[in-house]
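# A closer look at the structure
This is what each chain is made of:
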Amino acid sequence: MSWGTELWDQFDNLDKHTQWGIDFLERYAKFVKERLEVEQNYAKQLRNLVKKYCPKRSKDDEPRFTSCLSFYSILNELNDYAGQRELVAEEMALKVYNELMRYSQDLKAERKHHLQEGRKAQQYLDQCWKQMDNSKKKFERECKEAEKSQLNYERLDSDINATKSEVEKAKNQFYMRTHMADESKNEYAAQLQNFNGEQWKHFNNAIPHIFKNLQHMDERRTVKLGETYRSFAEAERKVIPIISKCLDGMVTAAKAVDERKDSSLVVESFKSGFEPPGDFPFEDFSQNLSGTGSDGTISNTPKGERERDGVQGPRSEPKPTLGKAKNKLWLFGKKPKWSVKMAPSLEDFSHLPPEQRRKRLQQRIEELSRELQKQMDQRDALNKMKDVYEKNPQMGDPTSLQPKISETICNMEKLRSEIHKNETWLSEVEGKQSSRGDRRPSTDNHQHTPQGRESPEGSYTDDTSQEHHTPHRRPGPTQPANRNPDLHEFDDEFDDDDPLPVIGHCKALYYFDGKNDGTLMMAEDEVLYIIEEDKGDGWTRARKQSGEEGYVPTSYVEITMEKNSKGS
């Protein structure tokens, strides 16, 4: 149905209706704005929540339990979910709210234009009606005046007392008024005809055309609302697949929780490597008392062994040494004096249990090795650049790279030194753990080789069973026998406060790991200071440039003695 034909007389109501339509559109736009603000606030709160519960520590310090990793995965998925909510808000703002506001401005301008045209047409019709009405009133007024002049003329013409001039004057007045009435009549007829024509145009052409434009405008507004309703829903529909993936990721993270793996990680994280303490021996304080051989005598030897050995009286075993007792109490009490004296600083993780110390040392060695590889790559790159500069001097000065090359080489040496130092500590930990696993009494103390020392025929390996049987790097002489099986000798010799003077220097011919306490690790071609000559046992006391002292096999080094120190 057309507004122009059915609502030709409802201009004011159509004016109100079109205004209501625009107001409704803007109200819906306001609703969309508040809706997208809800999405934005929701996404912001989700991101703040994820940030609040996300780990703030470094990745190395984070627990590796599957329950924690799954929770962090859920947080990541929730963060992605928040991102999808932000996309919903952006989609609503771009394709719904902004579009509605732009369209509302267009509707207001178009409605104003159409209403102005309708008002102009109405004003023109009103103007025509006024002109017609004025001509009508004028015609009516002239007719009345003509009638009056006619009556006056007839009265004077029949009056015998009236003069001829009066009668003639009345007659002329009558003719003039009659003529004016005829002219007003013609003007009124013309104005009436013109008004009727304009009125027909107004209600059959102008108003229907204007109302038709208003109808099309209102219908487009309705269509636009429907489209924005669909866009409002599509903004949600588009993110549903990704939101489903986020939820699937959360479910997958939940399925990844493994209680057995977490239990294993607890063991791996807190395992100390210590053995449980052994039984305390019985210490018989009554062995010096004169016994009567009665049944009440306390004996430290089981009865079966006494009968088997043919001994009827009480027997007491040797009293255990204090050092052994203290060794058994490391977990619960203080360490022996010699171990505290030889304990390095916290740099070697000596404050940690053996198993944890071994893991931390291995981790540090890997980090140092990676850094060393970077420095080596940098050195190779600088050398190549130097070669290019030497071949093409116009590209640069090769001598300008020498300080950087020297600095890189110095860094490499420092890193190698650090790696060797940490490998020494790692070998010490591995040696103690392996020796703790298979302790056996020594039958010949004077022919004992220091446990944990390895010759050039062997190298360090994680497998303790193959620790001394791996393929050799470089053939060399065998190690000398130990000067004394008691490892405390080295520690006692290092208790002197005043350092020994340097009497020479030596160059390492082979690599020596120095696993045993009192020995000194040295790298191949490393230069050391001699502070005590070989006393015939095959060991020479040396000092590193860092100040670390210890014994090294004499056959592993090339010694150069100072002239003023010969025979000292």
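Anyway, here's the lowdown on the structure attached to this text. The written sequence of each chain sets the order in which its residues are numbered from 1. Where local features are concerned, this predicted model is filtered to residues with pLDDT of at least 70; where side-chain atom pairs are given and counted, the filter is 80 or more; whole-chain, interface and lining totals use all residues. Excluded from the side-chain calculations are hydrogens and water; all other atoms, namely the structure's heavy atoms, are used.

### Quick notes on the overall build of the protein chain
The secondary structure listing takes helices from DSSP runs of H or I that are at least 4 residues long and strands from runs of E that are at least 2 residues long, numbered from the N terminus. A count of helical and extended segments in the protein chain gives 11 helices and five strands. Burial here depends on accessible area, computed with a 1.4 Å probe over protein chains only, as a share of the maximum for the residue type. Under 20% is buried, over 50% is exposed, and the range in between is partly exposed. Going through the 568 residues of the protein chain one by one, you find that 33% of them count as buried. Contacts are assigned to residue pairs that have any heavy atoms within 4.5 Å of one another. Pairs at least 24 apart in sequence give 72% of the contacts found in the protein chain among residues at least 6 apart. Exposure was quantified through the Shrake-Rupley algorithm and a 1.4 Å probe, taking into account, for residues, occlusion by the shown protein chains and nothing else. Total accessible area computed for the protein chain in this model is approximately 36700 Å², and 52% of it derives from carbon and sulfur atoms.

### Description of helix H4 (residues 164-255)
Helix span, as expected, comes to 1.5 Å for every residue beyond the first. With 92 residues, H4 should cover 136 Å at 1.5 Å per step; its first-to-last C-alpha distance of 132 Å lies within 8% of that length. Note on bend: at a given residue it equals the angle between the axes fitted to the 7 residues ending there and to the 7 starting there. The largest bend in H4 is about 40°, located at His-202.

### What to know about the side chain of Glu-428
Tracing the backbone through its elements, the reader meets Glu-428 in helix H10 (residues 402-437). Once residues lying within four places of it in the same chain are set aside, the contact partners of Glu-428 are Arg-357 and Asp-517.

### As for the pairing of strand S1 (residues 504-508)
Residues of S1 alternate between two faces, with Gly-504, Cys-506 and Ala-508 buried on one and His-505 and Lys-507 left unburied on the opposite face. One ladder, built from four bridges, connects S1 with strand S2 (residues 527-532); its direction is antiparallel. Paired with Lys-507 across the strands is Val-527, a residue of S2. A pair of strands is treated as paired once DSSP finds two or more bridges between them. Where S1 lies against strand S5 (residues 557-561), five bridges are found, and the strand directions are antiparallel. The partner of Gly-504 across the bridge, within S5, is Met-561.

### With respect to the sheet that holds S2
Overall, antiparallel pairing links the five strands, which are arranged S4-S3-S2-S1-S5 in an open sheet. Only two strands of the sheet have a single neighbouring strand rather than two, namely strand S4 (549-553) and S5. For this sheet the average axis-to-axis angle between neighbouring strands, irrespective of direction, equals 40°. Whenever a helix is involved, its axis is fitted only over the stretch in contact; in every case the axis is a line through C-alpha atoms, and angles between N-to-C directions fall within 0 to 180 degrees.

### Quick notes on the pattern of salt bridges
Note on definitions: salt bridges are taken to be side-chain nitrogens of Lys or Arg within 4 Å of carboxyl oxygens of Asp or Glu. Evaluation of the coordinates by the stated rule reveals 32 salt bridges. When the shortest N-O distance is used, the salt bridge between Glu-86 and Arg-47 registers 2.9 Å. In this pair, Glu-86 sits in helix H3 (residues 66-158) while Arg-47 sits in helix H2 (residues 11-53), placing the two residues 39 residues apart along the sequence. Glu-86 sits in the partly exposed class, given a relative accessible area of 29%. Arg-47 gets classed as partly exposed once you look at its relative accessible area, which sits at 28%. The partner of Arg-541 in a salt bridge is Glu-532, with the nearest N and O atoms 3.6 Å apart. Taken together, the shared-partner salt bridges connect Glu-99, Arg-102, Asp-106, Lys-224 and Glu-227 into one network.

### Remarks on the nonpolar core
In these notes, a set of buried Ala, Val, Leu, Ile, Met, Phe, Trp, Tyr and Cys residues joined through side-chain atoms within 4.5 Å is what counts as a nonpolar core. In this structure, Tyr-28, Val-32, Leu-36, Met-92, Leu-100, Phe-211 and Leu-214 are the most contacted members of the largest nonpolar core, which totals 38 residues. Those elements that provide at least two residues to this core are H2, H3 and H4. In terms of residue count, the dominant contributor to this core is H3 (15 residues). If near-sequence neighbours (up to four positions away) are discounted, Tyr-28 is found in contact with Val-96, Leu-100, Leu-225, Thr-228, Tyr-229 and Phe-232. With 16 residues, the next largest nonpolar core counts Tyr-510, Phe-512, Leu-520 and Tyr-551 among its residues.

### A closer look at the pairing of S4
For S4, a buried count of four out of five residues is recorded, marking the element as mostly surrounded by other parts of the structure. In this structure, strand S3 (residues 539-543) lies alongside S4, joined through five bridges in antiparallel fashion. Its bridge partner being in S4, Trp-539 is matched across the sheet by Pro-553. From the end of S3 to the start of S4, which pair antiparallel, there are five residues, and Gly-547 there has a positive phi angle of about 100°.

### With respect to the packing of aromatic side chains
Aromatic ring pairs are reported here in terms of the distance separating the ring centres and the angle at which the planes meet. Under the pairing criterion, centres of Phe, Tyr and Trp rings, with the six-membered ring standing for Trp, must be within 6.5 Å; the plane angle then separates stacked pairs below 30 degrees from edge-to-face pairs above 60, leaving the rest tilted. Taken as a whole and judged by the stated rule, the model has 13 aromatic pairs. Summarising the aromatic geometry, the rings of Phe-11 and Phe-211 are spaced 5.9 Å apart at their centres and angled 25° between planes, so their arrangement reads as stacked. One end of the pair, Phe-11, is in helix H2; the other, Phe-211, is in helix H4, with 200 residues separating them in the sequence. For Phe-11, a relative accessible area of 16% corresponds to the buried category. Accessibility expressed as a relative area gives 0% for Phe-211, which makes it buried.

None of this, on its own, says anything about what the molecule does.
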